[in-house]
Structures are given as structure tokens and as C-alpha cells.
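# Notes for the structure review
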Amino acid sequence: MRITVVGAGYVGLTTAVCFAHLGHEVLLVEKIPLKVDMLRRGEVPIYEPGMEEMLRENLKAGRLGVTSSLEEGIQFSDVIFICVGTPQSEDGSADLSQVEEVARETAKLMTSYKLLVEKSTVPVNTHKLIKRTVERYLKKKDVPYDVASNPEFLREGSAIRDFLYPDRIVIGVESERARKIFEELYAGFNCPIIYTDPATAELIKHASNSFLAMKISYINMVADLCEKVGADIKLVADGMGFDKRIGREFLNAGLGWGGSCFPKDVRAFIKMAEDNGVDFGLLREVEKINRRRIERFMEKVRSSLWSLKGKKLAVWGLSFKPNTDDIREAVSTKLVPLLLKEGARLVLYDPKAMENFRRVFPEGDDLKYAPDPYTAVEGASALLILTEWEEFQHVDLLRVKELMELPIVVDGRNIYEPSVMKQLGFEYHCMGRGVKE
Ligand code: NAD
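Just so it is clear, the model here is predicted, and its values are computed rather than measured.

Reading guide: rules and limits
Residues numbered from 1 in each chain as written. Predicted model: local features only at pLDDT ≥ 70, side-chain atom pairs only at ≥ 80, totals over all residues. UniProt positions renumbered as here; feature names shortened; annotations may be inferred. Helix = DSSP H or I, 4+ residues; strand = E, 2+ residues; numbered from the N terminus. Expected span 1.5 Å × (residues − 1). Pairing = 2+ DSSP bridges. Axes fitted to C-alpha atoms, helices over the stretch in contact; angles between N-to-C directions. Contact = placed C-beta atoms within 7 Å. Parallel < 35°, antiparallel > 145°, perpendicular 65-115°, else oblique. Left-handed = near helix turned anticlockwise from the far one by under 90°. Nonpolar A, V, L, I, M, F, W, Y, C, P; charged D, E, K, R; others polar. Buried ≥ 20, exposed ≤ 12 C-beta atoms within 10 Å, placed from the backbone. Near = placed C-beta within 6 Å. Domains from an automatic or database assignment. Right-handed = clockwise from strand over helix to strand, strands pointing away.

## Overview of the UniProt feature "active site" (unreviewed entry) in the protein chain
Under the present numbering, the feature "active site" (unreviewed entry) in UniProt falls on Cys261. Mapping Cys261 onto the fold places it in the loop between helix H10 (233–241) and helix H11 (262–275).

Structure below.
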């Protein structure tokens, strides 16, 4: 099939590259010229494992093209995947201006049948707004079209695998014609495919993300309780997680959720409910618990160091989660300014996200970047861990201890065993786990 994908971010790029990999002919439309140039050269503007190889393979095979022209994209195929950003607006709702622009421009340009697919995360009933926009800008041209919802559930860091082997595919369609297109498109996928109306599909995405955020906030509250009563949150989570009704995933206590999706999606879901007369107080509490994680962590840093003024602290992990260079709404973006404000001198290290972080937090007298985790800890009074990159599990901890001024570790992601850290001679503070005497 021929497919057009609009927006070359995490979702659009993955969608385009994976559909091409499956043998479809894909044209990827991106409005930032620099990204278009990079992609045409086979360079990936983001860090996503396996993406570069797959991009190059499909460019070479001629199955994937990249353009900055939406007009070219509209002419290229009948199926237009809208994968543009839906950031948060000031009032908490989703800013749908990028989606509106694609719908409007598509309507102006289209001269034959088009299926417009919402892959971006959008509030319930956005398909109706897209239809209204298309109607307006078609200006009575008699061109048939469908609008469908096919939300994306991929996770950054495992985007390709998540796209090719999803737990389920959700498709909200209103016509038999649109349904047939999806049946052909997803024919080779071996997972449940749920056909619904568009509103249900839109809601499934927001309800899923908010539920996952809720799970993390829930376990973080239990972690706070564990600290008070001397229980171990990791074992509590294991014990709960073996129950199939609960499941172990998203039960890792720590600094809480961040990233480009959960914060804005939870906010948008609350606002959407409110706009429809439903008070989703549960989710407001989920947000509140998450905001408090930062303060909980700062309390641990303060209580272990007494004063932060003039102290050199190493920070490992800046991305909002491992295996991505994405720092949007990462806890690091909130903690680094707080630590600096209290007078700490920071040396930061992240395997992939330093370039992005440096753009927002440039190097200065009190803020340095280290080329590796060991350089970061040289002479440090404490090491703070903000992201659970696998690399940190394999460092030589004795070498780390030798390099530090004081062997204090405040681990916001519980990546080490407290008993092992104690044996190695560290003063180890983590989230919801105590060392048994
Ligand atoms: P992103 O901001 O990384 O990428 C969006 C891209 O669209 C940008 O490159 C932008 O330049 C481009 N764009 C905007 N308007 C355009 C236009 N008119 N023509 C061509 N290109 C245009 O966003 P993302 O992280 O890929 O997310 C996209 C959507 O998918 C959002 O709604 C998000 O909530 C949702 N989503 C994201 C993830 C994730 O893990 N990042 C997962 C599932 C769903």
C-alpha cells in the first residue's frame, strides 16, 4: 500500500519506517527542513535504538521517501497518518493547532478520496473537529473522505518493537471503506485488533496513559509507607505484580513519571472530563503525588548532605527514561534548577541526552557535563541517580567510591541493592527500601 505520514517525531518516524519495513511505500512529510535533510541522508534526529539502520535500509530499498511538501504527501497516497505534536496548552487542554493545520491544508489540497488517520494522542471527539475543518476547507468540493482514530501506544526506547509487535491495535472507524483499508494495512499483525467508533478509540488512548500514570503514583505512595514502616517496596511490588489482575509493570517506585506524554495526557484527560461535566479528582491526586516525588528526593539529598552550598554533586541520568534522548518533562529538568538554587555545583552525565539538556541548561561555573560516569563523580560529595540507564548497573562501584570525596549515593530509581551498597561501603539512600540491620 501507499502511505503518507505527516510529522517525523518519535511516532511519525517510527510509523513511516516500520510500515516501509513491512513492504509498504511510504512518504514521510516533515515541516522542519533540517530534519528532512538529515532523514534523507539516513541520519535520525532523535536517539531511538535500531532506528538508523532501519531508516537507511528502507531509504536504500526505495520504499521510504522524505519531503517537506504536504502537497506531495497528499498526492502520494490515500492514507494520511497524522503524527504531529499535541502539546499542552496553558489551560491544561491539548493544543491541537498542529492537527488542525494538517486537516485544513489536506482539505485544500485533496482532489480524490483520503483517509485521515489520527495517530497523535487527541482528546475524545477530535475526529469531529477534523471533519468540520475538512468540510469547511473543501468548500463544497465533492471529494469523499474518512476520518479515523488509530492511537499509538509505542514507548520511546523500544519504539520499533512496540510498533511491530504491539499488545493490541485500536482502530476507530465510521465507514466500511476505511475499515477495509485498515484490514489490509494491518493484515500481518498477530495481536488483537479492536475496531470501535472513533470516540471510543480516542478515549482508549487517554484512559490507558492515565491508568499507567496512576499505577506509578500508587506504588510511590506505598513506597513512602514502606519507608515509614521498614518494608521493602521492591518486594511489595513483586508480591503484588505476580497477581495477573495487577501485573508487575509500572510498579517501580522512584521519582515518578515524566516525559512528553504522561504529564500532558493526564492533564488533558482531567480537562476533557471537566469540560464534559465529570470531575476526575482521582487523576488530580495522581498528579499531586507525582509532583511531590521531587520534594521527597530533595529531602533525601538535604538530609544526607545537610547543606548543599558549594558542594560538588554528580548527577547520572537526564532523559525522562532510559534508552531515549528525550528530556521533555524529565525530572532532571526540575531537579537541576532546584539543586543549583540551593548552591550545589553539578556535574552531569547521561549516555544520550546531554546534547538536548545542554541546549536548555548550558554549561556554566556551577554546571558541568562529564564525558563518562566516572569523570562525573570525581571529587563529588554525593552521586544522585535520576534515570535507570542500564549502563549504571554495570559500572565499577568500587572505582566510583574511590573517585568520590564522600561515598554517598541518593538513588531516585532504586537501581542497586541496598545491602550490596552497604557492603561496598556506600551510604545509600533510595526510594522505599531500607537496609535490614
Ligand atoms: P514530536 O514533537 O517529537 O514530533 C512531531 C513532529 O511533527 C515534529 O517533527 C514537527 O516538526 C512535525 N510537524 C508538526 N506539524 C507539521 C506539519 N504541518 N507538517 C509536517 N510536519 C509537522 O512528537 P511525538 O513525540 O512524535 O508525538 C506525536 C504525537 O503522538 C503526540 O500526540 C503524542 O502525544 C503522541 N504519542 C507520542 C508517543 C511518544 O512516546 N513520543 C507515544 C504515543 C503517542
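That was the structure; now back to the text.
## Focus: helix H9 (residues 198–229)
Taking 1.5 Å per residue as the helical rise, H9 with its 32 residues ought to reach 46 Å, and the 47 Å between its terminal C-alpha atoms agrees with that figure. Phi turns positive one or two residues past the end of H9, at Gly230, with a value near 75°.

## Let's talk about the sheet that holds strand S9 (residues 312–316)
Sheet architecture is open: six strands sit in the order S11-S10-S9-S12-S13-S14, paired in parallel fashion. With partners counted over all chains shown, the strands left at the sheet margins are strand S11 (367–369) and strand S14 (427–429), one partner each. Strand-to-strand, the axes of this sheet are offset by a mean angle of 20°, without reference to chain direction. Bridging between S9 and strand S10 (residues 345–349) involves five bridges; their strand directions are parallel. What sits directly across from Ala314, in S10, is Val347. Contacts between helix H12 (residues 281–305) and the sheet are confined to strand S12 (382–385), strand S13 (408–411) and S14, with S13 contributing the most and set at about 170° to the helix.

## Observations regarding the packing of helix H1 (residues 10–21) against helix H3 (residues 51–60)
At their nearest, the axes of H1 and H3 sit 9 Å apart, and the two run at 55° to each other. Relative to H3, the element H1 lies oblique. The handedness of the crossing between H1 and H3 comes out as left-handed. Where H1 approaches H3, its residues Leu13, Val17, Ala20 and His21 are matched on the opposing element by Met51, Met54, Leu55 and Asn58. Tallied by class, residues from the contact of H1 with H3 come to six nonpolar, two polar and no charged.

## A closer look at unusual backbone geometry
Glycine aside, residues mostly have negative phi, and peptide bonds are mostly found in the trans state. If you check the backbone angles, Lys139 has positive phi at about 50° while not being a glycine. Relative to the elements of secondary structure, Lys139 occurs in the loop between helix H6 (126–138) and strand S6 (145–149). Of note in this structure, Asn323 is not a glycine but carries a positive phi near 65°. Note on placement: Asn323 falls in the loop between S9 and helix H13 (331–341). Since 19 C-beta atoms lie within 10 Å of it, Asn323 is described here as partly exposed.

## Let's talk about the packing of H9 against H12
Between H9 and H12, the least distance of the axes is 9 Å, while the angle of their chain directions is 55°. The angle between H9 and H12 places the two elements in the oblique class. Helix-helix and strand crossings are classified by hand; for H9 and H12 the assignment is left-handed. Side by side, H9 and H12 meet where Ser210, Ala213, Met214, Ser217, Asn220 and Met221 of the first sit next to Leu283, Val286, Ile289, Asn290 and Arg293 of the second. Per-class residue counts for the contact of H9 with H12 are six nonpolar, four polar and one charged.

## Quick notes on the site of the ligand
Not every one of the 27 residues close to the ligand is listed here, only the nearest: Gly7, Gly9, Gly85, Ser120 and Thr121. Sorting the residues of the shell around the ligand by element identifies H1 and helix H5 (97–109) as the ones contributing at least two each. Its residues assigned to classes, the shell around the ligand shows twelve nonpolar, nine polar and six charged.

## Some remarks on the domain arrangement of the protein chain
When its domains are assigned, the protein chain resolves into domain 1 (2–196) and domain 2 (203–437). For domain 1 and domain 2, the distance between their C-alpha centroids amounts to 33 Å. Across the boundary between the two partners, domain 1 contributes 19 residues, which contact 20 residues of domain 2. For the side of domain 1 that touches domain 2, the residue count by class is ten nonpolar, six polar and three charged.

## Quick word on the environment of Ile193
Note on placement: Ile193 falls in strand S8 (residues 193–196). A residue is classified by how many C-beta atoms lie within 10 Å of it, and Ile193, with 15 of them, is partly exposed. Each C-alpha atom of the pair Ile193 and Ile171 lies 7.4 Å from the other, and the pair is 22 residues apart in sequence. When residues no more than four places from it in sequence are discounted, the contact partners of Ile193 are Ile169, Ile171 and Tyr186.

## With respect to the pairing of S12
Neither face of S12 is exposed, since Ala382 and Leu384 on one face and Leu383 and Ile385 on the opposite face are all buried. For S9 and S12, the ladder comprises four bridges, and the chain directions are parallel. Its bridge partner being in S12, Trp316 is matched across the sheet by Ile385. With respect to chirality, the unit in which S12 leads through helix H16 (residues 397–403) into the neighbouring parallel S13 is right-handed.

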